[in-house]
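What the coordinates show
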Amino acid sequence: MLKKPISVVCGIFMCVVWALAVGCQTDVKKPEPQPPEETAAWTAETIREKPTTQDDFLIGSWVSYAKSSAKKSALDQTALLADGGLNFLIYASCIPSYGMLKQGESARVRDLSSLDWWQRIDNLMKDNNMVYLFSSDAGLGGNDTETRIGWKDNAGQSGVDNAAKIVPQLNNCIGYHLADEPSFESLPSLASVGKKYAKIKDGYTAFWNGHPGSSAAATGGNYEAYFKAYLDNVGQGNAQWISHDYYPFTGNISSVPVSSPMFSDMAVMHKLSLAYNVKPHAFVQSCSWRGGVWVMPTFEQIKWNVNAYMAYGFKAISYFNYVMWGYEDCVDGIIDINGKMKNRKLYDALAAYNCEIRALAANIELSSLDCAAVYHTRASAPGTKKLPDDWLITPDGKQNLILSYFRPHNGEGDSYLMIMNNSFEDTIANRSFTIAENSGIESVALYNPATGKFEALDAENNTFALSFGKSDAKWLKISGNPDQAKI
């Protein structure tokens, strides 16, 4: 008989407790919102973990595999390239069958018109975090003499048809190889083929590599017109890349950083990359051929070659070559023609530097930046521009430097300065730089490759000091609103 009254009392008691609890909650101080954690920066040690895309700084090699008769595994050779810091291959069509076949399979599955074969290549590239170009042609006969079937003409309709059948089903492919060093006269017709390639898959375009400007007969004697012959005919949005090769390291190399005509080529390509919104790519010398006429460069010389291209806004490089090849009397390289390590010290140094460059490019989103200006403190080489007296920053002294200004393509985001020691023989210690009055620069921060982050520079009286190793480059992040009139 007492159950109902007791339950009523209990119910009232619980309501009171609940009401008090709710009221108390309004007095409890809520936790302060915490700032988001700083995004971890990429470093040379971690960059391999970042999935490679066509927007990364791409580092490849032209001849990348040992001669077929050595029967070296494609899996082992590709892993060696990836461990060396490479993330890009132009001639993936040269990947050998060794290590790629299933038990009992014939090497005739190495069919360049076969989706199955290209999917094997695609999986190999994915496993090594590399991107590559599709190619229907027979490749580099100096090393790749293994039988292949189903090859087509990259520069013809058969190549376009073959690519259209296969490439949309690949994941790590980023475009098509069209031609190497075509003549000026052939470029309008190549452009018509390039336009067809661009229609196969959104964002995928044809890649071709041009002659150096010193080949006047092949380029028509006008280097700017040479590239325009393709770009104007292929149509807006149908080209992502322009590329060239220029190999500066011959027997007489002491004056290269000052007098090389390579800078003239770079200046033309830099201008066109801004005008046509395309990315410049270059081949960098890393072997010796013609019996040593082109010498085997040192690490400091290769670093100079790469940094000079980066100073001019280039977004990708490919080494010529990581592996020695069977043409042009090649006599030295990083890896010999049989696939054995030949220059381990150079391989290790480049592996670290390649990853350092890739990490830098990822941290500053280099693919979204325009190289708006590039100047030399010694502008004696053709095509180079002398640093203005009233530029954003001014170095003290007469050291041989290249200074470049990078700003976001879309106008939003951080701007950067790159300062390069334009010598692979001399170091620079404690060089002072003065920030110009009314430059709009409020502060500068120096990139630390070890951490992948920028650290504030002490700029007392608008002056800061930097030291440079041979071929060294420093990257500075600018805060403020730089005076574009000074650029």
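From a predicted model like this one, the values you see are computed outputs, not experimental measurements.

In this section: the sheet that holds strand 8 (residues 316-320). If you trace the eight strands from one edge of the open sheet to the other, you get 5-4-3-2-1-8-7-6, paired in parallel fashion. Taken across any chain shown, the strands that pair with only one partner, and hence form the sheet edges, are strand 5 (205-209) and strand 6 (241-245). Summarising the sheet, strand 1 (residues 58-61) and strand 2 (residues 88-89) pair through two bridges and their orientation is parallel. Note that in strand 2 the partner of Gly 60 across the bridge is Phe 88. Along the sheet, helix 5 (residues 187-198) contacts strand 4 (173-180) and strand 5; its crossing angle with strand 4, the most-contacted strand, is approximately 165 degrees.

Further remarks concern helix 10 (residues 299-311). Helix length check: helix 10 (13 residues) gives 18 Å between terminal C-alpha atoms against 18 Å at 1.5 Å per residue, within 8%. The buried fraction of helix 10 is high, at 11 of 13 residues. What helix 10 keeps buried is the set Gln 301, Ile 302, Lys 303, Trp 304, Asn 305, Val 306, Asn 307, Ala 308, Tyr 309, Met 310 and Ala 311.

For the rest of this paragraph, the subject is the packing of helix 7 (residues 223-234) against helix 9 (residues 262-276). It is the contact of helix 7 with helix 9, at a shortest axis distance of 9 Å, that shows an interaxial angle of 30 degrees. Taken together, the axis directions place helix 7 and helix 9 in an arrangement best described as roughly parallel. Both helix 7 and helix 9 take part in a crossing whose hand is right-handed. Within the contact between the two elements, helix 7 uses Tyr 223, Glu 224, Phe 227, Lys 228, Leu 231 and Asp 232 and helix 9 uses Asp 265, Val 268, Met 269, Lys 271, Leu 272 and Tyr 276.

Rules behind the numbers
- Residues numbered from 1 in each chain as written.
- Predicted model: local features only at pLDDT ≥ 70, side-chain atom pairs only at ≥ 80, totals over all residues.
- Heavy atoms only, no water.
- Pairing = 2+ DSSP bridges.
- Helix = DSSP H or I, 4+ residues; strand = E, 2+ residues; numbered from the N terminus.
- Contact = heavy atoms within 4.5 Å.
- Axes fitted to C-alpha atoms, helices over the stretch in contact; angles between N-to-C directions.
- Expected span 1.5 Å × (residues − 1).
- Buried < 20%, exposed > 50% of the residue type's maximum accessible area, 1.4 Å probe, protein only.
- Parallel < 35°, antiparallel > 145°, perpendicular 65-115°, else oblique.
- Left-handed = near helix turned anticlockwise from the far one by under 90°.

These values are about where atoms sit, not about what they do.
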